[in-house]
Each structure stands twice: as C-alpha cells, then as structure tokens.
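Architecture at a glance
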Amino acid sequence: MTQKTNDQIILEQIIKDQCAESGDELTVSEYFEIYSASQILKNYTLTYDDILYGIVGDGGDGGIDSIYTLINGEPLKEDTSVNTNQKKNHIELIIIQSKTSTSFKEDALMKFRESAQDLFNLANNPDNYTTRYNSGLIDNIKLFRDSYSKLAKTFPKIEIRYFYATQGEDVHPNVLGKVPKLQEDIVKMFGGAEFSFEFIGASKLLEMTRNVPSTSRVLGVAESPIGTTSGSYLCLVSLSKYYEFISNAGELVPSIFESNVRDYQGSVVVNTGIRKTLENKESENFWYLNNGVTIITPKAVMAGKQLTIEDPQIVNGLQTSHEIYQYFSQLENHEGDERAVLVRVICEENEEARDRIIRATNSQTAILPASLRSSDDIHRNIEDFLKSNGYYYDRKKNFYKNQRMPVSKIISISYMAQAMMAIMLLKPNSARARPSTLINSDAEYKKIFSLDKPIDIYLKAIQIMKSVETYLKPENCVIQLERKTITNIKFYVAMVASINIAGSSQEIEKKLSDLPNVDISTEILSHSLQHVLDVFNNLGATDQVAKGSDFVSKLLS
C-alpha cells in the first residue's frame, strides 16, 4: 500500500474534524461532497444552500455527485427566472464527482461519458432515462437544457467544466487518456462550447482551502476626489474605469451588489433612458443626466488616482451599474470612454451604521419594503438568539461560511423562511415550491419575520427541521428514500410532526412557543413520515404534487 503524503494526511484530518463539528448530521462522504464543491466554486460566492441544491450524488447519479448551472455567474434554481432579453449571456455548466478515495479511476470518466451521451444530447428526452439515473440529476440536467434553449437566440458563451475530486495525488495515464473522448462528445453536441476537465487531488484541495479571495477592488478616478475627515469620497469616474471596477474578465461581479436590495429590473422606462444616454456619445456628459452610484465600505485608501476599496457594496445605482455593464460588455474595446459617472464612497466601519445607510439610501426610491431584508432588526435578533443556541444565522451572505463555521450549523434567511412557512404557517407546499423566492412578496415576508413573534419560535422551527432532516437520512430511517423524495416531503413531515407535538394545528405557533423545549421522538417522526408518504404516493408522488395545494389540504383534513 502506497504511503500517504503529508497533504493527504492533513486533508483527511481536516475533513474528519470539520465533519465532527456537524455532529451526526453529515457523514464523511457527504461532507466531502460539500467541501470539494465549495472549494471548486469558491470564486462564485455561493451559499451552502446553493451548494446543497446542486448535490445529486445517489444511486443512479451517472458519476455526477453535484451539478450546477450558472447564468452570468448566478446559480440557476427551479424558481429562478431567466432574462431572455439580455443580449450577452454566459452559461456555465459545472459537473463534479467527489470521492474520498486516494486515487483517480477510469470508471469515473466512463460514467461521465455515458451520462453526457444520454442526457446532454438534445434529441434525447431526459425523462426516458428515469430507470438509469436518479430524479435529482435529471431535474438539474433539465434546468441546464431549458435555460440553454431559452437563451440560444442570444448566442451565449457556453462553458462546460468537469471536475474529478478525490484525496489522491497522481493521475494514471490510462485515466488521463479518457478525457479527450469526453471532450469530443461534448464539443460535438454543443458547437462552440469551451470544455475543460480538471483532476483535483489532496494538494490542490488544500491549496484552494488556503486561498482566501481578495475582498478589495480598485476604482480609477478621473479627477482628484473630494475627501472627508472620515475617509469618505465624492468622485467622478470614467465610464470605462467604472466598467472595469464592476467586472472581472468581462463578467459582472455579483458580490459587490449584495447589499443593494433591488433586483435589476431589465427593460423598464428608467433603464431604457440610461441605455439611450450611454448609446448617444454626443449628448451631455453622462453624470449630468444620472444620479450616480453610492458605494459603502469599511475602509477606502486613495493613492494617486486609484481608490482601493475594501469589501465594496453598491447600495444605490444598481440599474445604472447594470446598464453600464451591458453597454460596455458588447463593445470590442471598452477603453477610452471619458464620459463620467458620479460615485459616492461612504466609509463606515460600524456594521449597524452601514445597515442604516443601506436602508436610508434604498428607501429614497420606490421599492418594495419587503426587499429590505437582512438589515431589519428582527434578523439581528434572530442572529443573536440562534448564536447563543449553537446556530449561526447568515443574515449577511456567507459571513459565517467565510469564518468556517460548521456547515450544518449555518442557517440562511431563505432556509429560515422555508422552515417557518412549513411549520408555523402550515404551508409546506410554498416552502417546497419557492426555495429562493419565498419572501419576495412583502405580505409573505411580514407573516414570517416580525418583532411581534416570540424569538424562540425561530429556534424551534430550525430544531424541528434539523430533526426531520437527520431522521430522513438513509442511515437513520427504516424507509430508504431517494434524495429527491426527501426534498419533496421533508417540509410536510416537519409540519405533521409539529402538529403532533403541539396537539393540533390550531394556534400552532403559540403552542410551540409555550413548550419549554422541542423534543421529537423517533415514534413521532416515524408516524409523521408514514402518514406523509401514504398521502404523497396516493396523489402520484411527483414534484407537482409536492408543490401543489392538494397535498397539504389532505394532510390537514
């Protein structure tokens, strides 16, 4: 037996230690899938929810443990709308196999090729392969295919990238020799697509883990800015330099827009006006006709005509920024446009003060109050209360992920919303159907997040969901369920179990809050699962059933 290298020994220990921190919620192989995908996708700033969404490793996975479709750098989910009006698009399909073994095997490449021939050939209907591949994989493949079909008229740039991650080191020539055939198949099916294949071993994974992406960006200013004693600046920036600030290698940098509470609104009147101004180079200088952009940062340093901004967040000017990006990304050469945009850089180290600025800046325009999310007091209260009970509420995207807190203990706002919707509002169908858009409605948001609710109810909702998810794992549950089935029923099981704990569905929130603690017995979980499965199977056991209203109505009747 070949002796392990130091990197292999260190990686193995890291995996074991971090897996142990999650208690009994993750096995080593499950954690390695999450860990390797997180490292491979690190530059996309995905959340753990995004990572978990793409994991499909199970029986019949075609050698694919996780698969992700990204449209212009953003992860695609079943409730994500695809903007077909955008002219320049970039579709990335990322396919990963993650194995804890200490070698790379030919079989993995053969499976990659077989699944590609079956599922990526647009002449084949993926639904005809349900006996060979699991439903989770098929659904994710259909997401990619549907988005590709919708955007085909825009002639998008397509990248198909394969990664094979293990705790091994050297790759045998016979394994390497399988890659060209896979590439040949992919390029034949997707003409013009860029193909890549990378073997990720122990040393590479450690290198990725140690690599912390820079959070600072450089903004080139046109004239000497007006500075304040607090370190804030008011400056004019050429449109070309601003385009460079908001993009990397021609791709928009989404992380700098995370604190802007409005989504880009496409071809609305205001954006059309911005676009026409950009296209007319003979009109007045751009900044005469535009309100400009506001950037907030904990620290900004001026050197010459370059402003280095730490963790910049564009809190106002999203529409302007997107239109500038769209305009310049379609030009062969973006340089030399000396028209300027007015940029305010507000330096504020205090996080609460930054939140107030974000709210005030965005409240100056007509936006839905429901869009003001993470800076609300209720989210601060939830974060503090959950932290005192061993959970980390990620109200600021990836804050605790970047601090390397245990993956199973990090709770996102969307996960909390799903748990509350399923358990307290008795709407598991909504929780299942809208994983990323559940609280886009102001009315729904206010029903879930309110200072009038007892704070412990948020902890209890998480404890119930975690208990259900742990019970449904193959190693714990008597009934062996496919990953996709678990996704479809877990919110229903949580609702039924909660009703059993509370005694009835009437005033369930108050009854759960009155309980000193949540303790769900295996008997309750078993009974709840069986009841849910009986109804689910009788209705047809499909995605549509899980997302519809009949399922929950029959469970509550």
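Residues numbered from 1 in each chain as written. Predicted model: local features only at pLDDT ≥ 70, side-chain atom pairs only at ≥ 80, totals over all residues. Heavy atoms only, no water.

Here we look at the overall build of the protein chain
Across its full length, the protein chain carries 23 helices and 17 strands. Since a compact globule built from 557 residues should have a radius of gyration of about 24 Å, the 25 Å found for the protein chain is in line with a globular shape. With the C-alpha coordinates aligned to their principal axes, the bounding extent of the protein chain is approximately 70 × 65 × 50 Å. Within the protein chain, the fraction of its 557 residues that count as buried is 53%. When contacts within the protein chain are restricted to residue pairs at least 6 apart in sequence, long-range pairs at least 24 apart make up 72% of them. A total of about 25500 Å² of accessible surface is found on the protein chain, and carbon and sulfur atoms cover 48% of it. (Helix = DSSP H or I, 4+ residues; strand = E, 2+ residues; numbered from the N terminus. Rg over C-alpha atoms; globule rule 2.2 N^0.38 Å. Buried < 20%, exposed > 50% of the residue type's maximum accessible area, 1.4 Å probe, protein only. Contact = heavy atoms within 4.5 Å. Areas by Shrake-Rupley, 256 points an atom, 1.4 Å probe, with all protein chains shown as cover.)

Points about the sheet that holds strand S12 (residues 299-303)
Ordered by their spatial adjacency, three strands build an open sheet running S6-S13-S12, and the pairing between neighbours is antiparallel. Each edge of the open sheet is held by one strand with a lone partner, namely strand S6 (216-220) and S12. Adjacent strand axes in the sheet meet at a mean angle of 20 degrees, parallel and antiparallel pairs treated alike. Two strands pair when backbone bridges link them, and S6 and strand S13 (residues 306-310) are joined in this way by five bridges, in the antiparallel orientation. Residue Ser216 lies in a different strand from S13, and its bridge partner there is Glu310. Strands S6 and S13 of the sheet are contacted by helix H9 (residues 239-246), whose axis makes an angle of about 175 degrees with S6. (Pairing = 2+ DSSP bridges. Axes fitted to C-alpha atoms, helices over the stretch in contact; angles between N-to-C directions.)

Side note on the packing of aromatic side chains
By the definition in use, this model includes 27 aromatic pairs. The interplanar angle of 15 degrees and the centroid separation of 6.2 Å between the aromatic rings of Phe144 and Tyr148 together place this pair among those described as stacked. Of the two residues, Phe144 and Tyr148 both sit in helix H5 (residues 135-151), four residues apart, roughly one turn of that helix. Each member of the pair, Phe144 as well as Tyr148, carries the same accessibility label: buried. Here Phe399 and Tyr400 contribute two aromatic rings whose centre-to-centre distance is 4.9 Å and whose plane-to-plane angle is 85 degrees, an arrangement assigned as edge-to-face. (Phe/Tyr/Trp six-rings, centres within 6.5 Å; stacked < 30°, edge-to-face > 60°.)

What to know about the packing of helix H13 (residues 377-387) against helix H18 (residues 456-471)
At a minimum axis distance of 9 Å, the contact between H13 and H18 shows a crossing angle of 60 degrees. The orientation of H13 relative to H18 falls into the category oblique. Considering only the axes of H13 and H18, their crossing is right-handed. When H13 is examined against H18, the residues Ile378, Ile382, Phe385 and Leu386 are found in contact with a partner set consisting of Asp456, Tyr458 and Leu459. The residue makeup of the contact of H13 with H18, split by class, is six nonpolar, no polar and one charged. (Parallel < 35°, antiparallel > 145°, perpendicular 65-115°, else oblique. Left-handed = near helix turned anticlockwise from the far one by under 90°. Nonpolar A, V, L, I, M, F, W, Y, C, P; charged D, E, K, R; others polar.)

Some points on unusual backbone geometry
Within the chain, Asp311 stands out as a residue other than glycine whose phi angle is a positive 45 degrees. Assignment of secondary structure puts Asp311 in the loop between S13 and strand S14 (313-316). What makes Asp311 partly exposed here is its relative accessible area of 36%. With a phi angle near 60 degrees, Arg404 is a residue other than glycine that sits in the positive phi range. Of note, Arg404 is situated in the loop between helix H14 (399-402) and strand S17 (410-412).

As for a nonpolar patch on the surface
On the surface, a cluster of nonpolar side chains totalling about 330 Å² of accessible area is made up of Trp287, Tyr288 and Leu289. Here Tyr288 is to be found in the loop between helix H10 (269-279) and strand S11 (293-297). (Patch = residues over 30% accessible without salt bridge, like charges linked within 9 Å, V, L, I, M, F, W, Y side chains within 5 Å. Salt bridge = Lys/Arg side-chain N within 4 Å of Asp/Glu carboxyl O.)

Examining the packing of H18 against helix H19 (residues 483-502)
When two helices pack together, their arrangement is given by the angle between the helix axes and by the axis-to-axis distance. Where H18 meets H19, the closest approach of the two axes is 9 Å, and the angle between their N-to-C directions is 120 degrees. Between H18 and H19, the crossing angle belongs to the class labelled oblique. Crossing geometry of H18 relative to H19 is assigned as right-handed. Judged by residue contacts, Ile464, Met465, Val468 and Glu469 of H18 engage Lys490, Phe491, Val493, Ala494 and Ser498 from H19. Across the contact of H18 with H19, the residue classes tally to six nonpolar, one polar and two charged.

Quick notes on H9
Of all the eight residues making up H9, six are buried; the element is thus mostly covered by neighbouring parts of the structure. Taken residue by residue, H9 has Leu239, Ser240, Tyr242, Tyr243, Phe245 and Ile246 as its buried positions.

A closer look at the sheet that holds strand S15 (residues 340-347)
Across the sheet, which stays open at both edges, the five strands sit in the order S7-S8-S15-S11-S14 with mixed pairing between neighbours. In this open sheet, the two strands that pair with only one neighbour each are strand S7 (226-227) and S14. Relative to S15, strand S8 (residues 233-238) runs antiparallel, the two being bridged by six bridges. Residue Cys235 lies in a different strand from S15, and its bridge partner there is Val343. Those strands touched by H9 are S8, S11, S14 and S15, and its axis lies near 105 degrees from that of S8.

As for the side chain of Thr277
When you line up the elements, Thr277 lands in helix H10. Residue class for Thr277 comes out buried when judged on its relative accessible area of 17%. Of note is the side chain of Thr277, whose polar atom sits 2.9 Å from the backbone oxygen of Gly273. In contact with Thr277, other than residues within four places in its own chain, are Ser283, Phe286, Leu289 and Arg339. (Polar contact = N/O pair within 3.5 Å; in protein donor to acceptor, adjacent residues only side chain to side chain.)

Topic: H18
Between the first and last C-alpha of H18 there are 23 Å, a value that for 16 residues agrees with the 22 Å anticipated at 1.5 Å per step. Burial analysis of H18 places 13 of its 16 residues in the buried class, the great majority of the element. (Expected span 1.5 Å × (residues − 1).)

Brief notes about the pattern of salt bridges
Throughout the structure, instances matching the rule amount to 28 salt bridges. Notably, a salt bridge pairs Lys453 with Glu509, separated by 2.8 Å at the nearest N-O pair. One end of the pair, Lys453, is in the loop between helix H17 (442-448) and H18; the other, Glu509, is in helix H20 (residues 508-514), with 56 residues separating them in the sequence. One exposure class covers both Lys453 and Glu509, and it is buried. Residue Lys510 is joined to Asp514 by a salt bridge in which the shortest nitrogen-to-oxygen separation is 3.0 Å. Of this pair, Lys510 and Asp514 both sit in helix H20, separated by four residues, roughly a single helical turn. Residue Asp514 is classed as exposed on the basis of its relative accessible area of 52%.

Details of the confidence of the model for the protein chain
With 95% of its residues at a pLDDT of 70 or more, the protein chain shows a mean pLDDT of 89. Within the model, pLDDT remains below 50 along residues 364-371, and this stretch shows 13 contacts once partners closer than five positions in the same chain are excluded. (pLDDT = per-residue confidence, 0-100.)

Things to note about the pairing of S8
Across two bridges, S7 lies against S8 in antiparallel orientation. When the bridges of S8 are listed, Gly227 appears paired with Tyr233. A loop of five residues connects S7 with S8, the two strands running antiparallel in sequence, and Gly231 in this loop sits at a positive phi of about 95 degrees.

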